Amino acid sequence: MDDAEVESSFDRLRTGKPLDKSRALRFASALLHWLALLDHASGWVQQFHLGALRNNNTRFRRTLGPDTGFDSIGDFELARPLSRFLDRLDETDQLAKTILYNLNPRDNAVVATMIGNFQDGSVPGKMQYGSAWWFLDQLDGMRAQMDTLSVMGLLARFVGMVTDSRSFLSYSRHEYFRRLLCNLLGEDVGKGLIPDDREALGRLVRNVSFFNARNYFGLPLGRAAAGFEE
């Protein structure tokens with residue numbers, strides 16, 4: 001979509017005129033690309049949650065409104081469109097720090113390997129495979145995400161559990177995540193898969209639990225905020 005079509009589509013939407021499906025998709029793509037350029041220019045981290053099939057129950061959507069809990073895992077094609085989107089930004093060196101989350105567990109390996117295509121060395125762990133979320137935000141989902149990342153990526157650079165939740169009670173998932181991370185490492189030590197180096201393992205846990213995210217997002221937090229030192 002060229003600039004003229006973008007402006008025309010925006011004017012139609014602003015005046016309440018609908019776009020056909022093809023034009024709406026082109027406009028959404030152009031808008032997403034433009035916002036991603038702004039993220040890079042601002043030095044922000046962009047996060048994308050991929051694979052939700054929203055508002056499946058028409059009757060309750062009419063009664064309660066959109067986005068009221070009738071969502072599920074979708075089975076959309078992911079790899080090729082995601083590759084094109086990221087590559088277009090990277091081609092002009094305007095790809096911001098990015099975290100990708102998948103909702104369909106079948107896409108674990110897709111996302112874990114996709115981030116490797118665009119690690120450019122400018123920032124440690126610039127491209128992140130985000131923690132398990134939504135329907136996968138539970139024991140099996142978290143284990144599968146961390147297992148895939150540790151096999152196909154670099155667990156030591158993982159920014160760990162982050163959330164956009166506005167519910168105070170949902171923050172308990174951070175403690176659940178940390179306990180599960182420690183359990184996974186302990187099990188690997190017991191199986192002889194990794195060295196029983198408590199200092200190195202402790203440092204990894206502290207980094208994944210706090211310091212990686214602090215450094216990645218540029219948060220102005222001192223060591224005391226974490227309750228432990230680097």
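From a predicted model like this one, the values you see are computed outputs, not experimental measurements.

**Student:** Even after reading the chapter, I still don't get the overall build of the protein chain, so can you show me in this structure?
**Tutor:** Each helix and strand counted, the protein chain has 8 helices and 5 strands in total. Written out in order from the N terminus, the α and β elements of the protein chain read α-α-β-β-α-β-α-β-α-β-α-α-α. Across its three principal axes, the protein chain shows a C-alpha extent of roughly 65 × 45 × 35 Å. Look at the contacts in the protein chain between residues 6 or more apart in sequence, and 59% of them connect residues 24 or more apart. Roughly 13,900 Å² of accessible area belongs to the protein chain as shown, and the carbon and sulfur atoms make up 53% of that amount. Put simply, the protein chain has 28 plus and 29 minus side-chain charges, and the middle of one group is 5 Å from the middle of the other.

**Student:** Sorry if this is basic, but what is going on with the environment of V45 here?
**Tutor:** With respect to the secondary-structure elements, V45 resides in strand β1 (residues 45–50). With relative accessibility at 22%, the residue V45 sits in the partly exposed group. Placed 50 residues apart in sequence, V45 and L95 show a C-alpha to C-alpha distance of 9.9 Å. Apart from residues lying up to four places away in sequence, V45 is in contact with K97, I99, Y216 and F217.

**Student:** Looking at this model, I keep getting lost on the side chain of N212. Mind explaining?
**Tutor:** Mapped onto the elements of the fold, N212 is located in helix α8 (residues 198–217). If we skip the residues at most four places from it in the chain, N212 touches A156, R157, F158, V159 and N207.

**Student:** Can you walk me through unusual backbone geometry in this structure?
**Tutor:** Of all residues except glycine, most have a negative phi; of all peptide bonds, most are trans. Non-glycine residue D67 carries a positive phi angle of around 60 degrees. Located in the positive-phi region is D93, a residue other than glycine, with phi close to 55 degrees. Taking relative accessible area as the criterion, D93 reaches 54% and is therefore assigned exposed.

**Student:** So what exactly am I meant to see when it comes to the pattern of salt bridges here?
**Tutor:** Pairing between side chains becomes possible if they bear opposite charge and their charged atoms approach one another. Tallied over the full model, the rule gives 13 salt bridges. For R179, the salt bridge goes to E175, with nearest N and O atoms at 2.8 Å. One end of the pair is R179 and the other is E175, both in helix α7 (residues 172–190) and 4 residues apart, which spans about a single turn. On the basis of relative accessibility, which here comes to 55%, the residue R179 falls in the exposed class. Note that D196 and R198 form a salt bridge whose closest N and O atoms lie 2.5 Å from each other. A relative accessible area of 47% places D196 in the partly exposed class.

**Student:** What is the right way to read a nonpolar patch on the surface from this model?
**Tutor:** Together, L31, W34, L35 and L38 give the surface a local cluster of nonpolar side chains, amounting to about 370 Å² of exposed area. Of note, W34 is situated in helix α2 (residues 21–42). Of the residues examined, W34 reaches a relative accessible area of 49% and is grouped as partly exposed.

**Student:** What's the story with the packing of α2 against helix α4 (residues 79–91) in this structure? I'm lost.
**Tutor:** If you want to describe how two helices pack, look at the angle between their axes and the distance between the axes. Look at α2 against α4: their axes get within 11 Å of each other, and the N-to-C directions meet at 45 degrees. Accordingly, the angle class assigned to the pair α2 and α4 is oblique. The handedness of the crossing between α2 and α4 comes out as right-handed. In this structure, α2 uses L32, H33, A36 and L37 to contact α4, whose residues at the interface are F85, R88 and L89. The residue inventory of the contact of α2 with α4, partitioned by class, reads 5 nonpolar, 1 polar and 1 charged.

What counts and what doesn't
Residues numbered from 1 in each chain as written. Predicted model: local features only at pLDDT ≥ 70, side-chain atom pairs only at ≥ 80, totals over all residues. Heavy atoms only, no water. Helix = DSSP H or I, 4+ residues; strand = E, 2+ residues; numbered from the N terminus. Contact = heavy atoms within 4.5 Å. Areas by Shrake-Rupley, 256 points an atom, 1.4 Å probe, with all protein chains shown as cover. Lys, Arg positive; Asp, Glu negative; His and termini not counted. Charge placed at Lys NZ, Arg CZ, Asp CG, Glu CD. Buried < 20%, exposed > 50% of the residue type's maximum accessible area, 1.4 Å probe, protein only. Salt bridge = Lys/Arg side-chain N within 4 Å of Asp/Glu carboxyl O. Patch = residues over 30% accessible without salt bridge, like charges linked within 9 Å, V, L, I, M, F, W, Y side chains within 5 Å. Axes fitted to C-alpha atoms, helices over the stretch in contact; angles between N-to-C directions. Parallel < 35°, antiparallel > 145°, perpendicular 65-115°, else oblique. Left-handed = near helix turned anticlockwise from the far one by under 90°. Nonpolar A, V, L, I, M, F, W, Y, C, P; charged D, E, K, R; others polar.

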